[in-house]
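The chain contents come next:
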Amino acid sequence: MKRKIISLSLPEKYLRKLEKLTGEESKSRSQLIRELLDKYEADEVWKDIFKWGEETQTKFNIKSEEDVLRIIND
């Protein structure tokens, strides 16, 4: 993967947190930021999955696990 150097401005409290994490995790700032962005992306995928689940629940009038089993077994 091609990399690009960027400049990043952070409030002092976030910089302190980042520095603390780099020591605790034995990782570079860059690595931690990449991992945070990966986690953010994964969280967004889960939000979409939960939204789809809520839409499916409404569409099929699912109120309980028994309703799910009934739909699967029909």
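That block above? That's the structure.
(A) Structural view of the environment of alanine 42. Within the fold, alanine 42 resides in helix 2 (residues 29-59). Remark: the alpha-carbon pair of alanine 42 and lysine 4, spanning 38 residues in sequence, is separated by 22 Å.

(B) Spotlight on unusual backbone geometry. Phi angles above zero are rare outside glycine, and serine 26 is one such case at about 55°. Structurally, serine 26 can be placed in the loop between helix 1 (12-25) and helix 2. Its identity is not glycine, yet asparagine 61 carries a phi of approximately 55°, on the positive side. Mapped onto the fold, asparagine 61 is located in the loop between helix 2 and helix 3 (65-73).

(C) A look at the packing of aromatic side chains. Overall, the coordinates contain one aromatic pair when judged by the stated rule. Considering the side-chain rings of tryptophan 46 and phenylalanine 50, the 6.1 Å spacing of their centres and the 45° angle between planes classify their relative orientation as tilted. Highlighted residues: tryptophan 46 and phenylalanine 50, both in helix 2, separated by four residues, approximately one helical turn. We classify phenylalanine 50 as exposed; its relative accessible area is 55%.

(D) A look at the pattern of salt bridges. For the structure shown, the criterion picks out eight salt bridges. Between arginine 29 and glutamate 19 there is a salt bridge, with its nearest N and O atoms 2.3 Å apart. In this pair, arginine 29 is assigned in helix 2 and glutamate 19 in helix 1, connecting sequence segments ten residues apart. A relative accessible area of 33% places glutamate 19 in the partly exposed class. The closest approach of N and O atoms between aspartate 67 and arginine 70, which form a salt bridge, is 3.6 Å.

How each quantity is defined
In this convention, every chain numbers its residues from 1, walking through the sequence in written order. In keeping with the model being predicted, local features are shown solely for residues with a pLDDT of at least 70 and side-chain atom pairs are shown and tallied solely at 80 or more, while totals for entire chains, interfaces and linings include all residues. Side-chain numbers here rest on the full set of heavy atoms in the structure, without hydrogens or water. In this text, helices come from DSSP runs of H or I with a minimum length of four residues, and strands from runs of E with a minimum of two, each type numbered from the N-terminal end. Only Phe, Tyr and Trp rings take part, Trp by its six-membered ring, and two of them pair if their centres are within 6.5 Å. Stacked means planes under 30 degrees apart, edge-to-face means over 60, and tilted covers everything else. Partly exposed describes any residue whose relative accessible area lies between the buried limit of under 20% and the exposed limit of over 50%, with all areas from a 1.4 Å probe on protein chains only and scaled to the type maximum. Between Lys or Arg on one side and Asp or Glu on the other, a salt bridge is scored when a side-chain nitrogen of the former is within 4 Å of a carboxyl oxygen of the latter.

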